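Spelled out from the first residue to the last, the chains are:
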Amino acid sequence: MAGLLKSLVSVSEKAAHIARLCRQEDALFHLLVAEKTGADKNERFVQDFKTLADVLIQEVIRHDVGKEFPELRDHICGEESNEFGNGLGETVAVRVCATQGDTAALLCRVLDRNREAAELLAAAVHQDVALADAELDAVALSIPAEDLAIWIDPIDSTNEYIRGCEDVAPVEGIYPSGLRSALVLIGAYDRHTGCPVLGVINEPFFRRDPLTRRWHGRYHWGVSYRGARLSSLSPPPLRPQPAVVLSRAETAAVRGALAPLCGPRLRFAAGAGYKMLCVILGLADAYVLSEGSTFAWDACAPHAILRALGGGAVALAGAVRGRREGDAAAAAGPPQLLYNRPAEGAAGAQRWANRGGLVAYAHPQHLEAVLAALAAVPGL
Ligand code: 2IP
Ligand code: CA
Ligand code: CA
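Residues numbered from 1 in each chain as written. Chains lettered and ligands numbered in written order. Predicted model: local features only at pLDDT ≥ 70, side-chain atom pairs only at ≥ 80, totals over all residues. Heavy atoms only, no water.

Moving on, we come to the site of ligand 1. Surrounding ligand 1, one finds 14 residues, the nearest of these being D156, S157, S247, G271 and K275. Taking D298, its side chain carries an N or O atom lying 3.2 Å from an oxygen atom of ligand 1. In isolation ligand 1 has 450 Å² of accessible area, and contact with the protein removes 74% of it. Counting only elements with at least two residues in the shell around ligand 1, the list comes to β4 (148-156) and α10 (272-280). Looking at which element gives the most residues to the shell around ligand 1, the answer is β4, with 3 residues. Class assignment for the residues of the shell around ligand 1 results in 3 nonpolar, 6 polar and 5 charged. (Near = heavy atom within 4 Å. Polar contact = N/O pair within 3.5 Å; in protein donor to acceptor, adjacent residues only side chain to side chain. Areas by Shrake-Rupley, 256 points an atom, 1.4 Å probe, with all protein chains shown as cover. Helix = DSSP H or I, 4+ residues; strand = E, 2+ residues; numbered from the N terminus. Nonpolar A, V, L, I, M, F, W, Y, C, P; charged D, E, K, R; others polar.)

What follows is the structure in structure tokens.
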């Protein structure tokens, strides 16, 4: 298990390195921010390069983890499909090949013969990551990998990643937008129960060196398995008045209902993963989302860390309904989000949407207060 945790942290570091590389290397950065307009639109490869960054990172994670843990190989899924159409009418399945040269050749086909970009990416894909983390090495927990499955969001908050604002000022420690909210999310859940077990969040753009202007990252992890709870972080302190973080797209009804509870402590940020990270770090006490606009791969990793810290994440609509109806089961707290059950009657990505929104929280008291405040919102 310590092996799997370390492997997920290592591959998150490689993923973060690729995410930074795409912004640091001119040959890649031009592709990342290229606006495809008019005739230019169909000339180059059909999908945007930004999708390739996402797909490639997901494939690297799948490859590296699957190689070390063959029992997981068929149970590693993510947001992206690896099928790519290039400008020449070919469909290419993006994957990590046996050698760096083969990966470069394959990427070259995807990138419409841009060899420089393909070689830069292939080198990063095949580079080993040396991890020196004594705390991680000391984790002694045994969880059979054959009971687990994995959700990957290779880059959450893609819009902020592409726009790349570097100088956003934080509000009470929370960055409302910008590169800081682009994260790599890798979550493992129990294949049989669907419960989140292990989460790694990597922040590729945590700190910028004032001299080199290069970005440096950091990572966090948490494990919650059969009563055992471990994390690289400590549980955040309980605040009497909760701060709640919302999407800027959140409804006026939800904002209004939370205002009396939070007073001036209502916050806004981009990125579903980043908002959950704010709760994990104690910058906010809860994240409320009333729409089904997040997916299993957004929530699994941060949810596992929240469980490790004594918090959790529940479906908002179900929790509010259970509370209204005086559901006996709801008295013990609404059920946690699960990750192994596709939504009935849905197709494609929607099968894995967190329908009915969610509440992520650090302390059960704050979940209760948030649900009480939202009970009067029509339509929830
Ligand atoms: C998105 C991303 C968005 C978020 C949305 C996620 O994932 O995190 O920022 O919306 O829910 O699915 P918002 O910022 O309004 O919370 P991705 O960037 O991976 O598509
Ligand atoms: Ca996402
Ligand atoms: Ca994504």
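Let's shift gears to the coordination of the calcium ion (ligand 2). For the calcium ion (ligand 2), the protein coordination sphere consists of D153 (OD), D156 (OD) and D298 (OD), at 2.1 to 2.3 Å. Along the chain, the residues donating to the calcium ion (ligand 2) fall in the pattern D-x2-D-x141-D. The distance between the calcium ion (ligand 2) and the calcium ion (ligand 3) comes to 3.9 Å, and D153 binds to both of them. Here D298 lies in helix α11 (residues 296-308) and D156 lies in strand β4, a separation of 142 residues in the sequence. A residue is classified by how much of its surface remains accessible, and D156, at 7% relative accessible area, is buried. D298 sits in the buried class, given a relative accessible area of 6%. (Donors = N, O, S within 2.8 Å, 3.2 Å for Na, K, Ca; no water. Buried < 20%, exposed > 50% of the residue type's maximum accessible area, 1.4 Å probe, protein only.)

Take the packing of aromatic side chains next. Any aromatic ring pair is given by two values, namely how distant the centres are and how the planes are angled relative to each other. Counting across every chain of the model gives 7 aromatic pairs. Among the aromatic residues, those joined into a ring-pair cluster are W151, Y189, F295, W297, Y339 and W352. (Phe/Tyr/Trp six-rings, centres within 6.5 Å; stacked < 30°, edge-to-face > 60°.)

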